Amino acid sequence: MNRTVVHPAGPLRGRARVPGDKSISHRALLLGALAEGESRIEGPLLTGDGQATLHCLQALGVETALSVKDDSTPVLTVVGRGLRGFREPAVPLDCVRSATTMRLLAGVLSGQPFSSVLTGDPQLLRRPMRRVVEPLRRMGADITDTDGHAPLTIRGRPLQGCEHRLEVASAQVKSALLLAGLLADGPTVVQEPAPTRDHTERMLAAMGVDVRKEGEGIILHPPAQSLRPLSPTVPGDFSSAAFLIVASVLVPDSEVTICDVGLNPTRTGLLDVLRAMGASITVTDEHLLGGEPVGNITVRSSALWGTEVSGDLVVRMIDEFPILAVAATQARGRTVVRDAAELRVKETDRIATVVEELGKMGARIEPLPDGFVVAGPTPLRGAPVSSHGDHRLAMALFVAGLVASGPTVVENMECAADSFPDFVPTMERLMGGPR
Ligand code: S3P
């Protein structure tokens, strides 16, 4: 297993870009495959989780072609097979470590005229699948799970639209139900306990599907015709930019601009929280790109104060808690996170792993059943730490290492490629070259 040594950093300066948004990439590939005709997707994430979706679609008979633009942006052409045109896969579909791949595909495959099996790495096989299997069964799906987990065996059947009231706020579950709803014989309604990321709804609407917000819910009418192919440009992933943002806030004398980042308000809770903590962050050149807001984010190093995060705000930054915890160690006063029990079922139990690993660096951080409390500011000290194979924990620990005294050794940093393959070189460049 590789070990990455991180040294205390001088200022971060300059401009940077981050890879294509992971959530939007999954959806662009999957919906492109379900459309009738060719989609040309510019800038998708094609490593790690994005690659898992690509390989599953290829196993379902979807043809794709990859080219690279002069500025090295990938462009993926997907030849759509229509709503029911997938080929029965000859092998189990390997979702590797990507829960989004598995849950969204469960929705699509439930209504196909063949059987399929969804599986993945041990990390993914530990994640809860009942939350998606049960509502799909209510639509008529025939799915066998493994004690609430994958592998999932799906025998495709005709589906009926129905009204769902979700217990957990999950964009993956909502999206799986909306995708199943495309194949159902009546409208599908999804009521969620708090608004989650709405990339699926935006993309479906752009493809001509009647999908709307109605009160607290979303209603989708199955399309009478095929889906119109789209040629979207995928914005930079805000959840990847988050690591550059916090590093630039924390390392003294830094000033960094991250260009063309997705700014969908269902995703940018961390900006609100960091600003409330005292961070200097400005957003410029905001505009719509392929139905999604994007812009440039400029961050200057700033002193931070502790804060409280709870309620619906948690959902708007659900992937940003490992890096928020790092920021909180350097903030004056207590930072309290509540209502975030979902963190326990992410790539790792992120309450346990964040507390354990930052604790090794001297952070004063205590777990709560549904969050954590950090007392700051604390001078962190470099230490051997582990990512536990969790990409966001790996990158958060790297950033902690930049503000620690002495070297930090991050075990299994390479899992960062699940969402941000060039994370380490991007950071090194902002710090003035390899260190
Ligand atoms: C995602 C939704 C969130 C998020 C994950 C990506 C998506 O998961 O944590 O990284 O693309 O829909 P949940 O749906 O489990 O909240």
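Just above, that's the structure.
Figured I'd write up the structure that's included with this text.

So, how was this worked out
Residues numbered from 1 in each chain as written. Predicted model: local features only at pLDDT ≥ 70, side-chain atom pairs only at ≥ 80, totals over all residues. Heavy atoms only, no water. Phe/Tyr/Trp six-rings, centres within 6.5 Å; stacked < 30°, edge-to-face > 60°. Helix = DSSP H or I, 4+ residues; strand = E, 2+ residues; numbered from the N terminus. Buried < 20%, exposed > 50% of the residue type's maximum accessible area, 1.4 Å probe, protein only. Near = heavy atom within 4 Å. Polar contact = N/O pair within 3.5 Å; in protein donor to acceptor, adjacent residues only side chain to side chain. Areas by Shrake-Rupley, 256 points an atom, 1.4 Å probe, with all protein chains shown as cover. Pairing = 2+ DSSP bridges. Contact = heavy atoms within 4.5 Å. Axes fitted to C-alpha atoms, helices over the stretch in contact; angles between N-to-C directions.

## Looking at the packing of aromatic side chains
A full pass over the atoms with the stated rule returns 3 aromatic pairs. Where Phe398 meets Phe423, the ring centres are 5.1 Å apart and the plane angle is 80°; that geometry is what we call edge-to-face. Here Phe398, found in helix α13 (residues 391-402), pairs with Phe423, found in helix α14 (residues 423-430); they are 25 residues apart in sequence, far enough to count as distant. Take Phe398 and Phe423: they sit in the same class, and that class is buried. Considering the side-chain rings of Phe420 and Phe423, the 5.4 Å spacing of their centres and the 70° angle between planes classify their relative orientation as edge-to-face. One aromatic cluster in this structure is built from Phe243, Phe398, Phe420 and Phe423.

## Considerations on the site of the ligand
As a structural note, the neighbourhood of the ligand is formed by 13 residues, with Ser23, Arg27, Ser170, Asp319 and Lys346 the closest of them. One of the backbone nitrogen or oxygen atoms of Ala171 is found 3.1 Å away from an oxygen atom of the ligand. One of the side-chain N or O atoms of Lys346 is found 2.7 Å from an oxygen atom in the ligand. When isolated, the ligand has an accessible area of 390 Å², and the protein chains bury 96% of it. Of all the secondary structure elements, the ones that give two or more residues to the shell around the ligand are α1 (22-34), α3 (99-110) and α6 (171-182). Residue contributions to the shell around the ligand peak at 3 residues, all from α1.

## Quick look at the sheet that holds strand β9 (residues 149-155)
What the 4 strands build is an open sheet, ordered β6-β7-β9-β8; its pairing is mixed. What marks the edges here is a single partner per strand, and that holds for β6 (93-94) and β8 (142-146). Direction of pairing for β6 relative to strand β7 (residues 115-119): parallel, over a ladder of 2 bridges. The partner of Leu93 across the bridge, within β7, is Leu118. Lying over the sheet, helix α5 (residues 130-138) contacts β8 and β9, oriented at roughly 155° with respect to β8.

## Focus on the sheet that holds strand β3 (residues 36-42)
The 3 strands lie next to each other as β3-β5-β4, forming an open sheet whose pairing is antiparallel. The two strands at the open ends of the sheet, each matched to only one other strand, are β3 and β4 (63-68). Adjacent strand axes in the sheet meet at a mean angle of 15° when their direction is disregarded. Lying over the sheet, α1 contacts β3 and β5 (74-81), oriented at roughly 35° with respect to β5.

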